[in-house]
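Spelled out, the chains give:
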Amino acid sequence: MALSENFTASVDFATQNLLHLQDVSTGSDSAVTSRRVYLTKSDGTYLVPQGTLTDYIVWSYSVSFIDINVLDRDYALNITVEWLNSANVALYTKVYVYDFTTYSNFFHYYLTQTQASQPNIINNNNFWYNKLKLLVNIKDADNAIAYGSDIGNAQAALDKAYYLMTNQNLFS
Amino acid sequence: MAFVPPTILEIIDIANISQYLASRDVAFDGIFNWGSLDKDLPLKIYDVREAVEWIYAQDPNYSSLFQVATYLYQLCGKYSGIAKGIAAQNSGQVTYNTNTGQILNGLMPVQYQFTVGDVAAPLNGTNLSFVINDTRIVAGSFDLHLDGLETPESQTTQVSYQELYTTTTITVTFNQAPQVGQIIRYQYLKGLSINNGKQTQIPIRYTCVGGETTVTFTDLIGVPKDDILTLVRGTNVIQAVLGTNTDMNALEYDNGAAGVFTVPTGDIFQAGEIIQVLYLA
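The structure presented is a predicted model; accordingly, all values stated were derived computationally and were not measured.

Regarding the sheet that holds strand β6 (residues 75-84) of chain A
Residue and element names in this part refer to chain A.
Thinking step 1. Within the open sheet, the 4 strands sit side by side as β4-β3-β6-β7. Their pairing is antiparallel. Of all strands in the sheet, those bounded by a partner on one side alone are β4 (56-59) and β7 (90-100). The mean inter-strand angle of the sheet, taken between neighbouring strand axes irrespective of direction, is 20 degrees.
Thinking step 2. Pairing geometry for strand β3 (residues 34-40) and β6, over 7 bridges, is antiparallel.

Set out below in structure tokens:
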């Protein structure tokens, strides 16, 4: 039976830096001996763990999942998984686009938690309008992926959210 | 048994409905340029609800989640009661009155407040008990605050109370008389009526020009008191009562004869005051 290749990608809330890929392929192909993962950013460069010299990450074929330590912030990524034979020729390829917004969403929750303990802070326009901007950028990124598979605009929105996160004086 | 607060999932549902209700009120307010509402309230509810929903999906036991969800519930303010009723009705759940086994068409919270010693107050500083009259009271749901502090039940070393339920009354008896001037605030759950095919209607409202002693809703002609689910005056949920009324926290209702609410003597409607009714028909 031929391999029907497929995978999922997710980020666990408790380990925001780890990108978790799960092989959910069905069927089998005895010619497949290894896998490679390409994480392509919106600028065309590749995201790899520190110290990796190749554009790709090797994913052992004996393990159905891999946790890749690459998410130092939120990214919109084009994720390509290749199933290779012993000569490293790709027999199957699957590509998905994803946006990972855990950092932005958690920062939005952190701001909400602050608001819950200091309700009057919402009267501060810097806090309120920039918090809304943050939420709008998260939604923009999600929508760019969901409706346009557009990592360029998704990453642009995530960059704006990142700017708000790294300039927290904007909320005071 | 104390009042059971809504769960986080229920708060999320309530916030979704409250967001809509607030949005509709803001739109209505804007059309007539009264400007008496916080036009950002729907957005504020949305913003906080998004955060609560997200963290709940990640970790439903996250340490600060209950506190933030409680804040969201508070943010829903006067809409939370109506939203809770709507959410309960649409949930498809069958709810029983634990007191009688009676099937109820959802639950709704009732809140009430009075100052001990006021003319219309049921406690005068010397008596120990008062009786709440309502329909479809859910046993075990009563909760009471005295001067803002939750008051314990059946304690002998401090002010406490005991409650006795029937389906139409709660008799509250203190171990020592609350003092004149103390504020008593209580809440309980009542079942929405077994509606006999009736549906919850879109809330109707009237904004007072000031000086009225009655407000008429022709939509309520033929609607008996028991089918009034909530009556809101300004920002307070109050009671509709039959017959002559002197209670400042209630409006006399004609039981659907002409759909008229009448104020207690001396408590005329103020300009901009909003009367809103959620009802079955």
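That covers the picture; the talk isn't over yet.
Describing the environment of Val209 of chain B
Thinking step 1. With respect to the helices and strands, the residue Val209 of chain B is situated in the loop between β10 (204-207) and β11 (214-216).
Thinking step 2. In sequence terms Val209 of chain B and Ile274 of chain B are 65 residues apart; their C-alpha atoms lie 9.7 Å from each other.

Quick word on the sheet that holds strand β16 (residues 274-279) of chain B
Residue and element names in this part refer to chain B.
Thinking step 1. What the 7 strands build is an open sheet, ordered β10-β16-β12-β13-β14-β15-β11; its pairing is mixed. Two strands lie at the open edges of the sheet, namely β10 and β11, each paired on one side alone. Strand after strand, the sheet turns through a mean of 30 degrees between neighbouring axes, direction not considered.
Thinking step 2. As paired elements, strand β13 (residues 236-241) and strand β14 (residues 250-253) share 3 bridges and run parallel to each other. When the sheet's bridge partners are listed, Ala240 is paired in β14 with Leu251.

Quick look at the interface of chain B and chain A
Thinking step 1. Contact with chain B, which involves 13 residues of that partner, is made by 11 residues of chain A.
Thinking step 2. Per-element tally for the side of chain B that touches chain A: the top contributor is helix α2 (residues 41-58) of chain B, with 8 residues.
Thinking step 3. Tallied by class, the residues present in the side of chain B that touches chain A amount to 6 nonpolar, 3 polar and 4 charged.

Regarding unusual backbone geometry
Thinking step 1. Backbone geometry at Asn88 of chain A places phi at a positive 60 degrees, although glycine is not the residue there.
Thinking step 2. Mapping Asn88 of chain A onto the fold places it in the loop between β6 and β7.
Thinking step 3. Positive phi is not limited to glycine here, since Ser154 of chain B has a value of about 55 degrees.
Thinking step 4. Here Ser154 of chain B shows up in the loop between β6 (149-150) and β7 (161-165).
Thinking step 5. Residue classification places Ser154 of chain B among the exposed positions, given that 9 C-beta atoms sit within 10 Å.

Comments concerning the environment of Val95 of chain A
All names here are of chain A.
Thinking step 1. Topologically, Val95 is positioned in strand β7.
Thinking step 2. Looking at Val95, the number of C-beta atoms within 10 Å reads 12, which means it is exposed.
Thinking step 3. C-alpha separation for the pair Val95 and Glu82, spaced 13 residues apart in sequence, amounts to 8.8 Å.

Observations regarding the pairing of strand β5 (residues 143-146) of chain B
Residue and element names in this part refer to chain B.
Thinking step 1. Bridging between β5 and strand β9 (residues 183-191) involves 4 bridges; their strand directions are antiparallel. Each bridged residue has a counterpart across the sheet, and for Leu146 the counterpart in β9 is Ile184.
Thinking step 2. In this sheet, β6 lies alongside β5 in antiparallel orientation, the contact comprising 2 bridges. For Leu146, the partnering residue across the bridge sits in β6 and is Leu149.

What about the pairing of β13 of chain B?
Moving residue by residue along a regular strand, the side chains alternate between the two faces of the sheet.
Thinking step 1. The pairing of strand β12 (residues 228-233) of chain B with β13 of chain B spans 3 bridges and is classified as antiparallel. Its bridge partner lying in β13 of chain B, Val232 of chain B is registered against Val237 of chain B.

A few points about the nonpolar core
Nonpolar side chains tend to gather and get buried jointly when the protein is soluble and globular.
Thinking step 1. Formed by 62 residues in total, the largest nonpolar core has its most connected members in Leu72, Cys76 and Ala83 of chain B.
Thinking step 2. Broken down by element, this core gets its largest block of residues, 7 residues, from helix α1 (residues 8-31) of chain B.
Thinking step 3. Here Cys76 of chain B is in contact with Ile14, Ala15, Ser18, Ile45 and Ala83 of chain B, once residues within four sequence places are set aside.
Thinking step 4. The next biggest cluster of nonpolar side chains, apart from the first, holds 30 residues, and it includes Leu39, Val81, Leu135 and Ile151 of chain A.

Some thoughts on the packing of helix α1 (residues 102-117) of chain A against α2 of chain B
Thinking step 1. The contact between α1 of chain A and α2 of chain B brings their axes to 9 Å, and the two run at 120 degrees. On the basis of their axis angle, the class for α1 of chain A and α2 of chain B is oblique. Crossing hand, α1 of chain A versus α2 of chain B: left-handed. Where α1 of chain A approaches α2 of chain B, its residues Asn105, His108, Tyr109 and Thr112 of chain A are matched on the opposing element by Val48, Ala51, Trp54 and Ile55 of chain B.

A few points about the packing of α1 of chain A against helix α3 (residues 65-76) of chain B
Thinking step 1. Contact pair α1 of chain A / α3 of chain B: the axes reach a minimum separation of 9 Å and the direction vectors enclose 65 degrees. As far as their axial angle goes, α3 of chain B and α1 of chain A are roughly perpendicular. The chirality of how α1 of chain A crosses α3 of chain B is left-handed. Here α1 of chain A contributes Thr112, Gln113 and Ala116 of chain A to the contact with α3 of chain B, which in turn contributes Gln67, Val68 and Tyr71 of chain B.

Here is what the cut-offs are and how they apply
- Residues numbered from 1 in each chain as written.
- Chains lettered and ligands numbered in written order.
- Predicted model: local features only at pLDDT ≥ 70, side-chain atom pairs only at ≥ 80, totals over all residues.
- Pairing = 2+ DSSP bridges.
- Helix = DSSP H or I, 4+ residues; strand = E, 2+ residues; numbered from the N terminus.
- Axes fitted to C-alpha atoms, helices over the stretch in contact; angles between N-to-C directions.
- Contact = placed C-beta atoms within 7 Å.
- Nonpolar A, V, L, I, M, F, W, Y, C, P; charged D, E, K, R; others polar.
- Buried ≥ 20, exposed ≤ 12 C-beta atoms within 10 Å, placed from the backbone.
- Core = buried A, V, L, I, M, F, W, Y, C linked by C-beta atoms within 7 Å.
- Parallel < 35°, antiparallel > 145°, perpendicular 65-115°, else oblique.
- Left-handed = near helix turned anticlockwise from the far one by under 90°.

Take it as geometry only, folks, not as evidence of what the structure does.
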